[in-house]
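# Descriptive structure summary
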Amino acid sequence: ISTNQSTKKEFVMEDFILLIKHLIIGLVQGFTEPIPVSSSGHVMIASEILGLGEQGFTFAILTNTASLLAILFIYREDIIRLAVNSINYIRTKDKKYVADFRFVICVIIGSIPAGVLGVLLSDVIANNASMTTIAIMLFVTGIALWAIRNMRGKKSDNDITAKDAFLVGLGQAVALTPGISRSGATIISSIAVGMKQETALRFSFMLYIPVSLGGVVLGLSDFLNEPNKAELALPYTVTFIATLFMTYFAMKWFMGIMKHGKLIYFTYYCFIVGTLLLIFY
C-alpha cells in the first residue's frame with residue numbers, strides 16, 4: 001500500500017511539474033509574440049531548457065490561436081470598421097469608404113508572400129531549425145532594429161501603397177525562419193518604407209491576422225488527429241490560457257514602447273540572447 005501511495009504521489013508530482021512547464025512555455029510564447037524577438041525561437045529555447053523537447057505542429061497551432069485571439073480582441077474596433085467600410089465601398093463605391101477599402105487590399109497583398117512560402121517551404125523551415133540558426137537570426141534581427149532606430153516615417157494608414165504592402169509582406173515571409181521575429185520583420189519593413197511607428201505597428205498586426213488564420217485552418221486536421229489529445233488536454237489548456245492573457249498584456253506594453261520609439265532596447269536584447277546561445281549551445 002505504501003509503495004502504491006508513493007507511486008501515485010510521484011505521478012501527481014510529475015503531472016504538476018509538467019503543468020508548470022507548459023505554463024512557462026505559454027507565458028514565453030505570449031510575451032514574445034508581439035515583441036520583435038522571435039516567439040518561435042524563444043519557445044524552442046524555453047522547451048530545451050525545460051526538457052520538453054521539440055514542440056510539435058499541434059502545439060504551434062494551439063499557441064498561435066491563443067495569440068491570434070488576443071490580437072483580434074485588441075484591434076477589434078479597427079477590424080470591424082475596416083470590414084464594414086470595405087463592404088460599404090464595394091456596395092456603394094462611396095469615396096468616404098475608399099481609404100479603409102484600400103487598407104484592406106494592402107493587407108491582402110502583404111499577406112501573399114508569407115502565405116505562399118509558408119505552404120511551399122514549411123517542412124524545409126522546420127527541418128532547419130536549430131539553436132545556432134536562432135542565434136544567428138537574432139543577430140540579424142538586432143542589426144535590422146539598429147538600422148531603423150532613428151527613422152521616423154510620415155506615412156499614415158491612408159498613404160500605404162501596394163508596393164509598400166508587398167515589401168512589408170516580404171519581410172513577414174523572411175520571418176518564417178526561426179529566430180527572425182515576425183513582428184520585428186514587419187515593423188522594421190514598415191518603418192523602412194516610410195510609415196509612422198503607430199501605422200507600422202497596426203499594419204504589422206493586421207498582416208498577422210490573415211496569415212495566422214490561414215495557419216490555423218491548414219493545421220486544423222493535424223490538431224484534431226493528434227494522438228495524445230486526451231493525455232495533453234490539461235497541459236495544453238494551461239498553455240492556451242497563459243498564452244492568451246500574456247499576449248494581451250505584452251501587446252499593450254509593446255504599444256506603449258512603440259509610442260516612445262524605444263525599439264533600440266530590443267536590439268541589445270537580441271545581441272545578448274544570440275551571444276548566450278552561441279556560447280552555451
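Residues numbered from 1 in each chain as written. Predicted model: local features only at pLDDT ≥ 70, side-chain atom pairs only at ≥ 80, totals over all residues. Heavy atoms only, no water.

### So, the environment of threonine 141
Its place among the elements puts threonine 141 in helix 6 (residues 131-147). Once the C-alpha coordinates of threonine 141 and arginine 182 are considered, the two residues, 41 residues apart in sequence, prove to be 9.9 Å apart. Those residues in contact with threonine 141 that sit more than four places away from it in its chain are Pro36, Gly179, Ile180, Ser181, Ile188 and Cys270. (Helix = DSSP H or I, 4+ residues; strand = E, 2+ residues; numbered from the N terminus. Contact = heavy atoms within 4.5 Å.)

### So, helix 11 (residues 264-280)
Relative to the 24 Å expected for 17 residues at 1.5 Å per residue, helix 11 spans 25 Å between its end C-alpha atoms, a close match to the ideal helical length. Of all the positions in helix 11, only Ile264, Phe266, Thr267, Cys270, Val273, Gly274 and Leu277 are classed as buried. (Expected span 1.5 Å × (residues − 1). Buried < 20%, exposed > 50% of the residue type's maximum accessible area, 1.4 Å probe, protein only.)

### A look at the pattern of salt bridges
A pair can form between side chains of opposite charge whenever their charged atoms are brought close. Counted according to the given criterion, the structure contains five salt bridges. A salt bridge links aspartate 100 to arginine 81; its shortest N-O distance comes to 3.2 Å. Taken together, the positions of aspartate 100 in helix 5 (residues 98-127) and arginine 81 in helix 4 (residues 76-92) put the pair 19 residues apart, joining distant regions of the chain. Under the relative-accessibility criterion, aspartate 100 is labelled buried at 13%. Residue aspartate 157 is joined to arginine 202 by a salt bridge in which the shortest nitrogen-to-oxygen separation is 2.9 Å. In this pair, aspartate 157 is assigned in the loop between helix 6 and helix 7 (162-174) and arginine 202 in helix 9 (residues 197-224), connecting sequence segments 45 residues apart. Arginine 202 carries the same exposure label as aspartate 157, and that label is buried. (Salt bridge = Lys/Arg side-chain N within 4 Å of Asp/Glu carboxyl O.)

### Thoughts on unusual backbone geometry
Even without being glycine, serine 38 reaches a positive phi, approximately 75°. Exposure remark for serine 38: the relative accessible area of 2% places this residue in the buried category. If you check the backbone angles, lysine 93 has positive phi at about 60° while not being a glycine. Looking at where lysine 93 falls in the secondary structure, it is placed in the loop between helix 4 and helix 5. Taking relative accessible area as the criterion, lysine 93 reaches 52% and is therefore assigned exposed.

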